Amino acid sequence: MTSRHPLVGLALGLAVGITLALQGVPRPALLPAGLALALSPPLAPAGFLCAGWLLARPAAAGPSLEPSERDLEGRIATVPERSGDRLHFRLATAEGTLDAFAFPAPWPLALGDRIRMRARLRPPATARNPGGRDPAARLAAGGILLQALAVGPAVRAAPPSPLAPLEAARERFAAACDAALPPREAALVLAIATGDRSRLDSETTTSFARSGLAHILAVSGLHLVVVAVGLERLLRGALLRVDPLARRIEPRRAAAALLLPATGLYAVATGAGVPVLRAALAVGVAAGGTLLDREASAANVLGLAALVFLAADPSTALDVSAQLTFAAVGGLVLWAGPLRRAIPVARARGGWRAWTIEPLLGGVCATLAASLATAPVLAFHFRQLPALGLVAN
């Protein structure tokens, strides 16, 4: 598979190297020399393994701060998300990056905002049970050793980020949901549409998890792909109906060019989680291929996404959401086609079977492929598998 899809082998090598580093496996003295293997195509995965092993250095990348209460100034490095009565985000300061919690402000905090606030610095919590989730290890893998809990309001130290209007729109949408729907239904709409899960009650979350539909409560890659495909067709159709434009530019390429910034804005507006960013990258590659008259392989796009995320933040290897989204898409790429070909029913090319039976069989194969691929991740992290998952999906 790696000869036809070289980026897959590179991504696997990088992931294995990062995993070895995060597990504390000692680095061999000659490890830096192994980087030269990346210059040879057959040995490139081994070179990327060495790169990943060297890349993940959680302890050395931590901030040079001590637990205390102090004034902080920095730039918001992730999309703020609700966490109880506070907003949760990464704060990049001159001394290092912190896991920050701030009180909501009258004006919305946004990715890229430069702020000042007084906060109490403390080490993050560790695993409560053996083998349980370990927030401290997850943060340390990304070079973050301290959390910052605001004890006062956050104040802008520079003009608002260009993305501030997106956060304001999210707040207006939340207010509209509260005005039009009962609290429980409003919480569901917010979770599905904007990625804000802070208002979901435990009963709703548990019910969806047991039925194998927990992914519906988060903005996933599927959401973005549906929106992107719909927007692309809408733009292309609109451009085709404007004769002066259709004669001067190719509607297919123009729609792809407009789709690129729109996809990025949608990803940020919905929280910029790993599944959404992975899908945004895939849509970007597909749109770029349209502009250049090239077609990318799904496996290579998945490998490229893994390379980008792991290189930018090695702690992604420990993120449950990232593991699930890459496992699910990997299962679709590897097994959905073979499973469909294994069914002794000829693929319909036209007629009523093409739009009734074929989508049903394809959906069953896709669900089975994704479920099989994600089952080990679910079992490892949550100690349970949804018995109704295959039927519900």
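That block above? That's the structure.
K.L.:
Got a minute to help me understand the side chain of Thr 374 in this structure?
P.N.:
Assignment of secondary structure puts Thr 374 in helix H13 (residues 357–382). A distance of 2.9 Å separates the side chain of Thr 374 from the backbone oxygen of Ala 370, its partner in a polar contact. Here Ser 371 takes part through its backbone oxygen, which lies 3.4 Å from a polar atom of the side chain of Thr 374. When sequence neighbours within four positions are dropped, the list of residues in contact with Thr 374 reads Leu 324, Ala 327 and Ala 328.

K.L.:
Which parts of the structure should I look at to understand the pattern of salt bridges?
P.N.:
Where charged atoms from two side chains of opposite charge come close, those side chains can pair. Taken as a whole and judged by the stated rule, the model has 14 salt bridges. By sharing partners, the salt bridges in this structure join Glu 250, Arg 252, Arg 253 and Asp 293 into a single network.

K.L.:
For this particular structure, what's the right way to read helix H2 (residues 44–55)?
P.N.:
Every α-helix carries 3.6 residues per turn, so stepping three or four residues along brings you back to the same face. Given a rise of 1.5 Å per residue, 12 residues ought to cover 16 Å, and the 16 Å separating the end C-alpha atoms of H2 matches this to within 8%. The set of residues buried in H2 consists of Ala 44, Gly 47, Cys 50, Gly 52, Trp 53 and Leu 54. Contacts from the buried residues of H2 go to helix H1 (6–22).

K.L.:
Looking at this structure, how should I read the layout of surface pockets?
P.N.:
Sizing a probe to match a water molecule and rolling it over the atoms shows the empty space that remains. There is about 310 Å³ of room inside the second largest pocket. Lining of the second largest pocket is provided by 18 residues; of these, Arg 82, Leu 87, Glu 167, Glu 171 and Asp 196 occupy positions nearest its centre. Elements that contribute at least two residues to the lining of the second largest pocket include exactly strand E2 (81–83), helix H4 (164–180) and helix H5 (183–194). With 4 residues, H4 is the single largest residue contributor to the lining of the second largest pocket.

K.L.:
Just checking my understanding: could you explain unusual backbone geometry for this structure?
P.N.:
In most cases, non-glycine residues show a negative phi, while peptide bonds are predominantly trans. In this structure, Ala 272 is a non-glycine residue whose phi angle is positive, near 55 degrees. With respect to the helices and strands, Ala 272 occurs in the loop between helix H9 (251–269) and helix H10 (274–292). For Ala 272, a relative accessible area of 23% translates into the label partly exposed. Residues other than glycine seldom take positive phi values, yet Asp 293 does so here, at roughly 60 degrees. With respect to the element layout, Asp 293 can be found in the loop between H10 and helix H11 (298–312). Overall, the relative accessible area of 43% leaves Asp 293 in the partly exposed class.

K.L.:
What exactly am I supposed to notice about a nonpolar patch on the surface here?
P.N.:
Where nonpolar side chains cluster on the molecular surface, the patch consists of Phe 173, Leu 181 and Val 189 and spans about 200 Å² of accessible area. We classify Leu 181 as partly exposed; its relative accessible area is 32%.

K.L.:
Explain the packing of H4 against H5 to me, please; I cannot follow it from the model alone.
P.N.:
Helix packing geometry: the angle between the two helix axes and the distance between the axes. Running from N to C, H4 and H5 cross one another at 150 degrees; their axes reach a closest spacing of 9 Å. With respect to H5, the axis of H4 lies roughly antiparallel. For the crossing formed where H4 meets H5, the hand is right-handed. Residue-level contacts link Arg 170, Phe 173, Ala 174, Cys 177 and Asp 178 of H4 to Ala 186, Val 189, Leu 190, Ala 193 and Thr 194 of H5. Residue composition of the contact of H4 with H5, grouped by class: 7 nonpolar, 1 polar and 2 charged.

K.L.:
How should the packing of aromatic side chains be read in this particular structure?
P.N.:
For the coordinates displayed, the defined rule picks out 1 aromatic pair. Aromatic pair Phe 309 and Phe 326: ring centres 6.1 Å apart, planes at 75 degrees, arrangement edge-to-face. In this pair, Phe 309 is assigned in helix H11 and Phe 326 in helix H12 (residues 320–342), connecting sequence segments 17 residues apart. Considered together, Phe 309 and Phe 326 belong to a single accessibility category, that of buried residues.

Here is what the cut-offs are and how they apply
- Along each chain, numbering runs from 1 in the same order as the chain's sequence is written.
- Totals for whole chains, interfaces and linings use every residue, but because this is a predicted model, local features are given only for residues with pLDDT of at least 70 and side-chain atom pairs only at 80 or more, for both listing and counting.
- Excluded from the side-chain calculations are hydrogens and water; all other atoms, namely the structure's heavy atoms, are used.
- For helices the rule is a DSSP run of H or I covering at least 4 residues; for strands it is a run of E covering at least 2, with both sets numbered from the N terminus onward.
- N or O atoms closer than or at 3.5 Å make up a polar contact, with two conditions inside protein: a donor-capable atom paired with an acceptor-capable one, and, for residues adjacent in sequence, both atoms drawn from side chains.
- The contact criterion used throughout is that any non-hydrogen atoms of two residues lie within 4.5 Å.
- Should a side-chain nitrogen of Lys or Arg be within 4 Å of a carboxyl oxygen of Asp or Glu, the pair is scored as a salt bridge.
- One less than the number of residues in a helix, times 1.5 Å, gives the span that helix is expected to have.
- Per-residue accessibility, obtained with a 1.4 Å probe over protein chains only, is compared with the maximum for each type, and a residue is labelled buried under 20%, exposed over 50%, and partly exposed between these values.
- In this analysis, the protein atoms alone were mapped onto a 1 Å grid. Cavities are point sets where a 1.4 Å probe fits without being able to get out; pockets are open sets with protein on both sides within 12 Å along at least five of seven lines; lining residues have an atom within 4 Å of a point.
- Grid points are joined across faces, edges and corners, and a volume is the space filled by probe spheres set on the points.
- Grouping into patches uses exposed residues only, defined as over 30% relative accessible area, and leaves out salt-bridged ones; the cut-off is 9 Å for like charges and 5 Å for nonpolar side chains (Val, Leu, Ile, Met, Phe, Trp, Tyr).
- Calculation of accessible area relied on Shrake-Rupley with a 1.4 Å probe; when residues are assessed, cover is drawn exclusively from the protein chains displayed.
- Angles run from 0 to 180 degrees between N-to-C directions of axes, and those axes are lines fitted to C-alpha atoms, restricted for helices to the stretch in contact.
- If an angle is under 35 degrees, it is roughly parallel; if it is over 145, roughly antiparallel; if it lies from 65 to 115, roughly perpendicular; otherwise it is oblique.
- Whether a crossing is left-handed or right-handed is set by the direction in which the near helix is turned from the far one by less than a right angle, anticlockwise for left-handed and clockwise for right-handed.
- Classification used: nonpolar for Ala, Val, Leu, Ile, Met, Phe, Trp, Tyr, Cys and Pro, charged for Asp, Glu, Lys and Arg, polar for all others including Gly.
- Stacked, tilted and edge-to-face are the three classes applied to pairs of Phe, Tyr and Trp rings, where Trp contributes its six-membered ring and a pair requires centres within 6.5 Å; stacked means planes under 30 degrees apart, edge-to-face means over 60, and tilted covers the rest.

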